[in-house]
Amino acid sequence: MSFAASERFLRNALLLALAFGLAACGSLRMDLPPSFLRLTGGERELKATTADEARLWVREFDDPERGDLAFWVQALRYDLEARGYRSDAEAAFVRDAAGNAGELHRFSALLEGREYGYAIAVFLPSPGLVRVVEFVAPRGRFDELVPAVRDALASLGG
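Residues numbered from 1 in each chain as written. Predicted model: local features only at pLDDT ≥ 70, side-chain atom pairs only at ≥ 80, totals over all residues. Heavy atoms only, no water.

(A) Highlighting the packing of aromatic side chains. Overall, the coordinates contain five aromatic pairs when judged by the stated rule. Centre to centre, the rings of Phe 36 and Phe 135 are 6.2 Å apart; their planes meet at 65°, and the pair counts as edge-to-face. Residue Phe 36 is located in the loop between helix H1 (3–24) and strand S1 (37–41), and its partner Phe 135 is located in strand S8 (residues 129–138); the two are separated by 99 residues in the primary sequence. As far as the burial class goes, Phe 36 and Phe 135 line up, both buried. Note on Phe 135 and Phe 142: the rings are 5.2 Å apart at their centroids and 15° apart in plane angle, and the pair reads as stacked. Exposure remark for Phe 135: the relative accessible area of 1% places this residue in the buried category. (Phe/Tyr/Trp six-rings, centres within 6.5 Å; stacked < 30°, edge-to-face > 60°. Helix = DSSP H or I, 4+ residues; strand = E, 2+ residues; numbered from the N terminus. Buried < 20%, exposed > 50% of the residue type's maximum accessible area, 1.4 Å probe, protein only.)

(B) Layout of helix H3 (residues 139–152). An ideal rise of 1.5 Å per residue puts 20 Å on 14 residues; H3 measures up with 20 Å between its terminal C-alpha atoms. Along H3, the sharpest change in direction is near 45° and occurs at Leu 145; proline Pro 147 comes one to four residues later. Along H3, the positions that sit buried rather than exposed are Arg 139, Arg 141, Phe 142, Leu 145, Val 146, Val 149 and Ala 152. Among the structural elements, strand S3 (55–62), strand S6 (101–111), strand S7 (114–126) and S8 are those in contact with the buried residues of H3. (Expected span 1.5 Å × (residues − 1). Bend = angle between axes of the 7 residues up to and from the residue. Contact = heavy atoms within 4.5 Å.)

(C) Seen up close, the side chain of Arg 131. Its place among the elements puts Arg 131 in strand S8. Polar side-chain contacts of Arg 131 include one of 2.8 Å to the side chain of Glu 60. Discounting chain neighbours no more than four positions away, the residues touching Arg 131 are Leu 28, Val 58, Arg 59, Glu 60, Asp 96, Ala 121, Val 122, Phe 123, Pro 125, Leu 156, Gly 157 and Gly 158. (Polar contact = N/O pair within 3.5 Å; in protein donor to acceptor, adjacent residues only side chain to side chain.)

(D) How the structure looks around the side chain of Thr 50. Looking at the element boundaries, Thr 50 is found in the loop between strand S2 (45–49) and S3. Within polar-contact distance, the side chain of Thr 50 engages the side chain of Asp 52 at 2.6 Å.

What follows is the structure, given as structure tokens:
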């Protein structure tokens, strides 16, 4: 291969790597706990599931009014409790991959005669942006997986 051809190859390889790097920027990322399969992923949403009905959903949305973390946590708690969810534990304070502080709340609900566990973590990674992680599973599986889901929050970024 001539010098000019190898220089062209190197330049094209660098441009391709840069394009992939830019495409990855802005996409939600999270190292999924073992047994989860990523169903969808993108700029503002990530969905994953296990073979036995555990579901994980990460999404983000704009908040032009820039509510603080306390507002969003209170609004979510109010909504969930109004729909029959019961709080299971005190809030746990968590951090994402960038070090942003968040809150993790755990609930349970009886749905169609079956008890489910539900966890929701809320982060404000930048002013005007809300990021929410939701995890739901039948009670036994929830109790088994919730520690791994909590640990995975530390890899959440985008």
